[in-house]
Amino acid sequence: MAAEAAGGTAAGEWPATEAEAVAEQERIRAAADLTSAGPAPGAVRRIAGVDVSYASSGTADGLLVAAAVVLDADTLDVVEEAVHADRARFPYVPGLLAFRELPPVLAALEGLRTTPDLVVCDGYGVAHPRRAGLAVHLGVLTGLPCFGVAKTPFAFTHTEPGPRRGDTAPLLDPRRDPPEVVGRALRTRPGVRAVFVSAGHGIGLDNACAHTLRLAPRHRLPETTRRADGLSRRVLRELGE
């Protein structure tokens, strides 16, 4: 799959400082398509999930493995998968995780022969302090519709959604007056903790939530995330980390 970078910083030229990274996020936010409804579940044939696993050493330049797994949208069977092992190129800084994870994620996507119709990130989209989380950045750089499904609400607030599968509650930025909606808390399984869905690029929140439910028929997390996480962890173990 050939990633189509939308100008600006290329994967091999990541910012070297926090100030440069923040400036790049401002550019990415301005370039993101946050108005399109995007593809509905019935219009998608191939969905990719991406995730990154880190070596247990936890060093700033430690080994990491990114995985990209493409699923059939109807059966959720694996169509193709690719991995990329690398060393971290950017330190861990809250709010700037994309600059640590995107180089190996882009390399994993480049290893695919299949171009997915949609990409799901294990992380955030516009639910980010500068509205430029991993899913926003990845969508702008590749040109693919992209959204994030996170396990925690990060720095945002929400009321608890109802107990049934499909129940939602707004994910809010309390720093704005009135609070700004940046995503949704979504119940994917009855009696199980919600996940946190946010749009990234080229897809709206309604369709992002609909895809998440379709991708999570049996578990809390979507199968895209589960498969990519499992693959990246398995490769790390094989590398002895």
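Analysis parameters
Residues numbered from 1 in each chain as written. Predicted model: local features only at pLDDT ≥ 70, side-chain atom pairs only at ≥ 80, totals over all residues. Heavy atoms only, no water. UniProt positions renumbered as here; feature names shortened; annotations may be inferred. Helix = DSSP H or I, 4+ residues; strand = E, 2+ residues; numbered from the N terminus. Contact = heavy atoms within 4.5 Å. Buried < 20%, exposed > 50% of the residue type's maximum accessible area, 1.4 Å probe, protein only. Expected span 1.5 Å × (residues − 1). Salt bridge = Lys/Arg side-chain N within 4 Å of Asp/Glu carboxyl O. Pairing = 2+ DSSP bridges. Axes fitted to C-alpha atoms, helices over the stretch in contact; angles between N-to-C directions. Parallel < 35°, antiparallel > 145°, perpendicular 65-115°, else oblique. Left-handed = near helix turned anticlockwise from the far one by under 90°. Nonpolar A, V, L, I, M, F, W, Y, C, P; charged D, E, K, R; others polar. Polar contact = N/O pair within 3.5 Å; in protein donor to acceptor, adjacent residues only side chain to side chain.

A separate point is the UniProt feature "site: Interaction with target DNA" (unreviewed entry) in the protein. UniProt feature "site: Interaction with target DNA" (unreviewed entry): in the numbering of this structure it lies at Tyr92. Looking at the secondary structure, you find Tyr92 in the loop between strand E3 (78–87) and helix H2 (98–110). When near neighbours in sequence (up to four residues on either side) are disregarded, Tyr92 contacts Leu97 and Arg100.

Bringing the UniProt feature "binding site: Mg(2+)" (unreviewed entry) in the protein into the picture now. The UniProt feature table records "binding site: Mg(2+)" (unreviewed entry) at Asp51 and Asp122. A maximum C-alpha distance of 5.8 Å among these annotated residues, which run over 72 residues, shows that they cluster at one spot. Relative to the elements of secondary structure, Asp51 occurs in strand E1 (residues 46–54). With a relative accessible area of 6%, Asp51 lands in the buried category. When sequence neighbours within four positions are dropped, the list of residues in contact with Asp51 reads Val65, Ala66, Ala67, Asp122, Thr225, Ala228, Asp229 and Ser232.

Between its first and last C-alpha atoms H2 spans 17 Å; for 13 residues at 1.5 Å apiece the expected length is 18 Å, and the two agree. Of all 13 residues in H2, eleven are buried, a share of seventy percent or more. For H2, the set of buried residues is Ala98, Phe99, Arg100, Glu101, Leu102, Pro103, Pro104, Val105, Leu106, Ala108 and Leu109.

All chains considered together, the criterion is met by 17 salt bridges. Measuring nitrogen to oxygen at the nearest pair gives 3.2 Å for the salt bridge that ties Arg27 to Glu24. On the criterion of helical spacing, the pair formed by Arg27 and Glu24 is a turn pair, its members being three residues apart in helix H1 (residues 18–31). Classification of Arg27 by relative accessible area gives partly exposed; the value is 26%. By relative accessible area, which is 6% here, Glu24 ends up buried. Here the salt bridges do not stand alone but share partners, grouping Arg131, Asp173, Arg175, Arg176 and Glu180 into one network.

Attention now moves to the pairing of strand E7 (residues 180–186). Taken together, the six bridges between strand E6 (residues 168–173) and E7 define a ladder with antiparallel strand orientation. Each residue of the ladder has a partner; that of Asp173, found in E7, is Glu180. Where E6 hands over to E7, the hairpin turn is made up of six residues, counted between the paired strands. As paired elements, E7 and strand E8 (residues 195–201) share three bridges and run antiparallel to each other. Pairing of Leu186 across the sheet is with Val195, part of E8.

Our focus in this paragraph is the packing of H1 against helix H3 (residues 134–142). Two quantities define a packed helix pair, namely the angle between the helix axes and the distance between the axes. Between H1 and H3, the shortest axis-to-axis distance is 9 Å and the interhelical angle comes to 70 degrees. If you check the angle between H1 and H3, you find them roughly perpendicular. Judged by the sense of rotation from one axis to the other, the crossing of H1 with H3 is left-handed. Between H1 and H3, the contacting residues are Glu24, Ile28 and Ala31 on the first element and Val136, His137 and Val140 on the second. Residues belonging to the contact of H1 with H3 are distributed by class as follows: four nonpolar, one polar and one charged.

Bringing the sheet that holds strand E2 (residues 63–72) into the picture now. In space, the eight strands of this open sheet follow the order E3-E2-E1-E4-E5-E8-E7-E6, with mixed pairing throughout. In this open sheet, the two strands that pair with only one neighbour each are E3 and E6. Within the sheet, the average angular offset between the axes of one strand and its neighbour, ignoring direction, is 25 degrees. As defined by bridge partners, E1 adjoins E2 across nine bridges and the pair is classed as antiparallel. Within E2, the position partnered with Ala48 by the bridge is Val70.

Structurally, Asp122 can be placed in the loop between strand E4 (118–121) and H3. The class for Asp122 is buried, based on a relative accessible area of 17%. Of the polar contacts made by the side chain of Asp122, one reaches the side chain of Lys151; its length is 2.9 Å. Leave out the neighbours within four places in its chain, and Asp122 touches Val50, Asp51, Val149, Lys151 and Thr225.

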